[in-house]
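Chain residues, written in single-letter form:
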Number of protein chains: 4
Amino acid sequence: MTKPINIGIIGAGRIARVHAENLVYRIPEAKVLAVADVIYDAAQKLASAFQIPASFPDAGAIFDDARIDAVLICSSTDTHAQMIESAAAARKHIFCEKPIALDLAKIDHALDAVKRAGVKLQIGFNRRFDPSFKRVREMIASGQIGAPHILRITSRDPAPPPMAYVQVSGGIFLDMTIHDFDMARFLFGEVVEVYATGNVLVDPEIGKAGDVDTAVVTLKFANGAIGVIDNSRKAIYGYDQRIEAFGSGGVAIANNKTPDTVVASDGAGVHSAKPLYFFLERYMDAFASEMREFIAAIAQDKPTPVTGIDGRVPVVMGYAALKSLKENRPVKLLEVGG
Amino acid sequence: MTKPINIGIIGAGRIARVHAENLVYRIPEAKVLAVADVIYDAAQKLASAFQIPASFPDAGAIFDDARIDAVLICSSTDTHAQMIESAAAARKHIFCEKPIALDLAKIDHALDAVKRAGVKLQIGFNRRFDPSFKRVREMIASGQIGAPHILRITSRDPAPPPMAYVQVSGGIFLDMTIHDFDMARFLFGEVVEVYATGNVLVDPEIGKAGDVDTAVVTLKFANGAIGVIDNSRKAIYGYDQRIEAFGSGGVAIANNKTPDTVVASDGAGVHSAKPLYFFLERYMDAFASEMREFIAAIAQDKPTPVTGIDGRVPVVMGYAALKSLKENRPVKLLEVGG
Amino acid sequence: MTKPINIGIIGAGRIARVHAENLVYRIPEAKVLAVADVIYDAAQKLASAFQIPASFPDAGAIFDDARIDAVLICSSTDTHAQMIESAAAARKHIFCEKPIALDLAKIDHALDAVKRAGVKLQIGFNRRFDPSFKRVREMIASGQIGAPHILRITSRDPAPPPMAYVQVSGGIFLDMTIHDFDMARFLFGEVVEVYATGNVLVDPEIGKAGDVDTAVVTLKFANGAIGVIDNSRKAIYGYDQRIEAFGSGGVAIANNKTPDTVVASDGAGVHSAKPLYFFLERYMDAFASEMREFIAAIAQDKPTPVTGIDGRVPVVMGYAALKSLKENRPVKLLEVGG
Amino acid sequence: MTKPINIGIIGAGRIARVHAENLVYRIPEAKVLAVADVIYDAAQKLASAFQIPASFPDAGAIFDDARIDAVLICSSTDTHAQMIESAAAARKHIFCEKPIALDLAKIDHALDAVKRAGVKLQIGFNRRFDPSFKRVREMIASGQIGAPHILRITSRDPAPPPMAYVQVSGGIFLDMTIHDFDMARFLFGEVVEVYATGNVLVDPEIGKAGDVDTAVVTLKFANGAIGVIDNSRKAIYGYDQRIEAFGSGGVAIANNKTPDTVVASDGAGVHSAKPLYFFLERYMDAFASEMREFIAAIAQDKPTPVTGIDGRVPVVMGYAALKSLKENRPVKLLEVGG
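In this report, we go over the structure that sits alongside the text. (Residues numbered from 1 in each chain as written. Chains lettered and ligands numbered in written order. Predicted model: local features only at pLDDT ≥ 70, side-chain atom pairs only at ≥ 80, totals over all residues. Heavy atoms only, no water.)

**Topic: the relation of the copies chain D and chain A**
Screw-axis analysis of chain D against chain A gives a translation of 0.0 Å along the axis, an RMSD of 0.0 Å, and a rotation angle of 180 degrees. Such values leave the two copies arranged in the relation of a two-fold axis. No C-alpha of chain D lies nearer the rotation axis than that of Tyr25 of chain D, which sits 2.1 Å from it. (Least-squares fit on C-alpha atoms with pLDDT ≥ 70 in both.)

**What to know about the sheet that holds strand E3 (residues 54–56) of chain A**
Residue and element names in this part refer to chain A. Read from one edge to the other, the open sheet built from six strands follows the order E3-E2-E1-E4-E5-E6, with strand pairing classed as parallel. Single-partner strands in this sheet number two, and they are E3 and strand E6 (121–123). The average angle at which neighbouring strand axes cross in this sheet is 20 degrees, direction not considered. On the sheet, helix H2 (residues 40–49) packs against strand E2 (30–36) and E3 and is oriented at approximately 165 degrees with respect to E3. (Pairing = 2+ DSSP bridges. Helix = DSSP H or I, 4+ residues; strand = E, 2+ residues; numbered from the N terminus. Axes fitted to C-alpha atoms, helices over the stretch in contact; angles between N-to-C directions. Contact = heavy atoms within 4.5 Å.)

**Thoughts on the interface of chain D and chain A**
Interface size is commonly expressed as the accessible surface area that is lost when the partners come together. Between chain D and chain A, the contact holds 26 residues from the first and 26 residues from the second. With both chains or domains summed, chain D and chain A bury close to 2,000 Å², and 52% of this area falls on carbon and sulfur atoms. When the buried surface of chain D facing chain A is broken down by residue, Tyr25, Thr261 and Val262 of chain D rank first, second and third, together holding 30% of it. For Asp260 of chain D, the salt bridge is made with Arg135 of chain A, and the minimal N-O distance between the two is 4.0 Å. Our count for the contact surface shared by chain D and chain A stands at eight residue pairs in polar contact (both at pLDDT 80 or more). Of all the secondary-structure elements, those providing two or more residues to the side of chain D that touches chain A are helix H1 (14–26), helix H6 (131–141), strand E12 (250–254) and strand E13 (262–266) of chain D. Here the side of chain D that touches chain A is built from residues that sort into 14 nonpolar, seven polar and five charged. By the bridge criterion, four bridges tie strand E13 (residues 262–266) of chain A to E12 of chain D in an arrangement that is antiparallel. Along E12 of chain D, the bridge assignment pairs Val262 of chain A with Ala254 of chain D. (Buried area = accessible area lost by both parts, 1.4 Å probe. Salt bridge = Lys/Arg side-chain N within 4 Å of Asp/Glu carboxyl O. Polar contact = N/O pair within 3.5 Å; in protein donor to acceptor, adjacent residues only side chain to side chain. Nonpolar A, V, L, I, M, F, W, Y, C, P; charged D, E, K, R; others polar.)

**Some words on the relation of the copies chain B and chain A**
Superposing chain B onto chain A takes a rotation of 180 degrees plus a shift of 0.0 Å along the axis, which leaves an RMSD of 0.0 Å. Comparing interface residues between copies, 100% of those in chain B also sit at the interface in chain A, which points to an isologous, same-surface contact.

**Considerations on the interface of chain B and chain A**
With 40 residues of chain B at the contact, the number on the chain A side is 40 residues. The contact between chain B and chain A buries some 3,100 Å² in all, and 62% of this surface belongs to carbon and sulfur atoms. The salt bridge involving Glu244 of chain B is made with Arg156 of chain A; its shortest N-O contact spans 2.8 Å. Taken together, the elements giving at least two residues each to the side of chain B that touches chain A come down to strand E7 (148–156), strand E8 (191–199), strand E9 (214–221), strand E10 (226–232), strand E11 (240–247) and strand E12 (250–254) of chain B. Of the residues forming the side of chain B that touches chain A, the biggest block, six residues, is contributed by E7 of chain B. In terms of residue class, the side of chain B that touches chain A is built from 17 nonpolar, 14 polar and nine charged.

**Observations regarding the sheet that holds strand E5 (residues 93–96) of chain B**
All names here are of chain B. Pairing is parallel across the open sheet formed by six strands, whose spatial order is E3-E2-E1-E4-E5-E6. Only two strands of the sheet have a single partner each, and these edge strands are strand E3 (54–56) and strand E6 (121–123). Each strand axis lies, on average, 20 degrees off the axis of its neighbour in the sheet, ignoring direction. In the sheet, strand E1 (residues 5–10) pairs with strand E2 (residues 30–36) via six bridges, with the strands oriented parallel. Across the sheet, Gly8 pairs through a bridge with Ala34, a residue of E2. Relative to the sheet, helix H1 (residues 14–26) contacts E1, E2, strand E4 (70–73) and E5, its axis offset from that of E1 by approximately 165 degrees.

**Quick notes on helix H4 (residues 80–89) of chain C**
Residue and element names in this part refer to chain C. Among all positions of H4, only His80, Ala81, Met83, Ile84, Ala87 and Ala88 are buried. With its buried residues spanning 160 degrees around the axis, H4 presents them on a single face. Exposed residues on H4 whose side chains face more than 90 degrees from its buried face are Gln82 and Ala89. If you follow the buried residues of H4, they end up packed against strand E1 (5–10), helix H3 (60–64), strand E4 (70–73), strand E5 (93–96), helix H5 (104–117) and strand E6 (121–123). Phi for Arg91, located one or two positions after H4, is positive at around 60 degrees. (Buried < 20%, exposed > 50% of the residue type's maximum accessible area, 1.4 Å probe, protein only. Arc of directions from axis to C-beta.)

**As for the pattern of salt bridges**
Across all of its chains, the model carries 128 salt bridges over all chains by this definition. The partner of Arg26 of chain A in a salt bridge is Glu21 of chain A, with the nearest N and O atoms 3.5 Å apart. By relative accessible area, Glu21 of chain A is classed as partly exposed at 30%. Its salt-bridge partner being Arg242 of chain A, residue Asp240 of chain A comes within 2.8 Å of it at the nearest N-O pair. There is no split in this pair, since Asp240 of chain A and Arg242 of chain A are both buried. Each of the salt bridges in this network shares a partner with another, and the network as a whole consists of Arg152 and Glu244 of chain A together with Arg156, Asp230, Asp240 and Arg242 of chain B.

**Here we look at the packing of aromatic side chains**
Considering all chains together, one arrives at 35 aromatic pairs over all chains under this definition. With 5.8 Å between their ring centres and 65 degrees between their planes, Tyr25 of chain D and Phe50 of chain D make a pair best called edge-to-face. Of this pair, Tyr25 of chain D sits in helix H1 while Phe50 of chain D sits in the loop between helix H2 (40–49) and strand E3 (54–56), placing them 25 residues apart in sequence. Taking relative accessible area as the criterion, Tyr25 of chain D reaches 7% and is therefore assigned buried. Residue class for Phe50 of chain D comes out buried when judged on its relative accessible area of 6%. Chaining the aromatic ring pairs together yields one cluster made of Tyr25 and Phe50 of chain B together with Tyr25 and Phe50 of chain C. One Lys or Arg, Arg282 of chain B, reaches over the ring of Tyr283 of chain B and ends 4.6 Å from the middle of that ring. Just above the ring of Phe246 of chain D sits the side chain of Arg156 of chain C; from NZ or CZ to the centre is 4.2 Å. (Phe/Tyr/Trp six-rings, centres within 6.5 Å; stacked < 30°, edge-to-face > 60°. Lys NZ or Arg CZ within 6 Å of the ring centre and 35° of its normal.)

Take a look at the structure:
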């Protein structure tokens, strides 16, 4: 076996734990050397849970460790851009959770640092690695649906995030729809214009925070196709993640994932399992797969599958959607920095 | 058995044939006495096929026949409004295919005549009578999906109509989407604003005729819910007619109808039947059911299930969509006569 | 239009009504001239419901009417054989509900009469005409499942018949499984041996009548394939009628038919409609289709799709199953008259 | 964290690798200390792949290692019984792949040794741990299908094993159906009688080896229910593993698992993914889960979920099936050692 890729993890929260588990248990090509979190106790606990040799209260120790090849940035969103710049300065390859930042200038500054340092950067758009969505992409790429005409993305959360999070999240378009914007680009290519409608139908508190909880966004693609995303902060039946790609040659629909395949019939009807409720379960395979590809990109010195620009454009789309919602008119990406 | 409702059919084309067959073979409460068509040969053929006693080259003979209780207006769209007025003047109850007219003033004039005459009027929005769509409506009405949040209507034809028809049809929104506009109202109630996008992706000839063949229309409902309709003039796999009603209590999805229930697995995959290709097959039950309800409304002197106003509003929505597409902005129904 | 086939219906019960409706409303090539039933009132009611010109308390009047080309024998099972002989003597073509008789000698006597008279005979194995089962047969015939290996037939009634009927029915194998025996032959060809197990799990009264209500029958086909039928007199979720044909090239599974295509998800699960509960609904299309083919066989002077021998063999299989159950051993059809 | 359970693995083939991976990467409560295989190279490779500290050419070294708490017996079937006895003598807990032996006397001798030593024994009937089959069992246990009436198990391999394996496997009933016999007991309880039919339809070589490749086995349960298992050595569309449990309260059907949820429609039909082809993929979760429960049974000193008697009875059922096939008659388990 060749020398493993040495990893440092920045942030020790829920998503850091997912990546740690995948790296430690499922990706023998990688070795996690350290984890850092401003809440030092969290870093220590994560280190202990996965036999990670070192834990720190500060990311600096990771940047300073010459053995570390790459870092995962799993800290809070407002630190991402700065962490990217520090990591680039330390010549570490970077996996960064989405979004890079809520501010385009900061994103551009960070991407510039990455470019200058010549390190690899992968953004955590995990859904691209879901087996069903990947299959839809392959069918489009191989021409099985013909010329793309209409793309439908349904993306509904099982429950709204805590209000404290809603207030700093940048709003539904930058926090939740951003995944769908990435998926739209992944499947049908670049978008030139968006029109967003939204309303507060789930929780009035979300409205008080200046956000909406139910939204439909129409997309005009550069290739002439039309897309539509529908979002809700609360689907009572679980995490609803479906995609439909329609074209001249047919349609490909990716349906939800269920915990089992049992269909039961009784006097009341025919019943089956709800979609997996929790995003970590739903995208368990996808999280493992994105990490595997990040490690492979480093090991084989090839481009990462989700680049810096892939991290930037969905933020632009989010801004366009926000402006569209506010002004109730279609907005071109070029108007907001596209 | 009580005295049957005597019917005269105006127009002897494809849809007249469907209604004649249902009335003659499946609705013993009705009796078709006559059929009229400007192409007299067509009227004669229809009469002969279904043992209809009389056929005429002119609708006048039907209006003049005192035994006839009700007429079905199945002639070309441009004659509907005038036929309604003549029927109302002759005190006949009226079943009229959609749309009443492409001109709102004509619609209002015709509806006024109906009102003054005190006759019943039912508009041919057959899809309301489809067992699956009716079931979705019942589930909404009984609160099974909770408060309505998002409505998705997919409506794709298996193939575009002949170009000659496209040119006089009023365009995709007044010819095809009009059914979806009706369905939207049927399920989620009144719409206040629409935003339409469209493109020519199926056939450039449609573009030359000034129309689009692929469209996505966003709807804002009076109750705060959001709707989205996606249309295509050509789905290679058949007639694609699906509905998804999402709310605080869950989601109800009406899927396509297939000719059989066989699922076959072989070395290449798992395969099943395409949706029924032809709208007459897809909505066979619905056509019979709408006619049954029309006859019942007369026999029991109760309101028809699809009234004159139900014929008017979708035309307004079509105009709003047309204006929205042209001006690339959301348009309120009030702007175009709503 | 050519001269219609004139029909007399013998028996005015539930199944007679189905055939009358199909003939009168859906098959213009046929004309029902008369109906006879020993309960004269029933005959009169049926005649009145479908505008049938004549009704009689006795089948004799039908046999004597020279205008009548063909009869439907829908009277009680114990009269079938005698009615066939009388009809054959009167040179009428014959459609006879299953079974011809519960006694093989009687069947042979009746089939002999048919043969000597040179009239056509079709047995009412309606399921052969179900669109999904026909599709499976076509797939087998066209080689899409390859060489046949395993056939599975699930056939469960929504509720047991009245005890009075159970007592004269000949038992589950001759009353209920007989349809599945026919289906087995229709799909995979001749059977040489059966092994039947059964138990009383639904209703002890059925056991007291000497019958079982739950059964599994294994079939050895002449071509080496193996079949298995499972029966229950009571499936709480409705009429369960499925078929699975497995072979070297794949598998074809015909699933149940539902009244609608709605799939609803809520906090408790994902729900859809139960199978159609009632056999007349489930096989509505099949009943119309078998009658259409009977009329066509006469009109075009071609063999009927379900012949006398097709009526005989499933009775033999029923006897073999009965003997197998009693003796708890596999029984060859040859042992019981095959 | 408490002290981990120390494991030694005997055998270094395909299934040993699966267990090693699960223990090393997914079950932190266990620690694999050594692996032994008579093909020493295989043991060394497995040790190296999963950082297992020691590898041996002989199981003796494992039995002699006092630190080792439990062994996994993954060596060839003919060694299982002897390995169990040696492990019991060394006071190791035991996980043993199925079957314990093909000879009942050997099984009884081994189980006796286990009993005397007071160690835990778990048999590798992995399918019990499949999420869908477990769900069916829970539904039965909680009364959701009511009283059990009919059980159907479909179990078809994607391709026959190598002929060399067929010759020593004990035949289809002891090698393949044995899993289904276990599943039948797991779901519906004890079986008293079986009737087996079988044929050579897949590969004449299998027939030359004295075995069949296609089989249907009927089961009579002690509770009066009836079961039926259908087996094929070759399903061209993949690994077909389905279960249907029918009772007075309804039916629960566990369907196959697919690699993705994409449904694609084109001009030819509607298509979706085949079942997972390979048993290791199909039962990936089940293998991890059975190992987790084995470790938990040791750690918490509770009974294992699949006991020695659970390993014995399916072998008896296999013998009964074999005798039934040979003599073409139903055979009671009591006749062959049940």
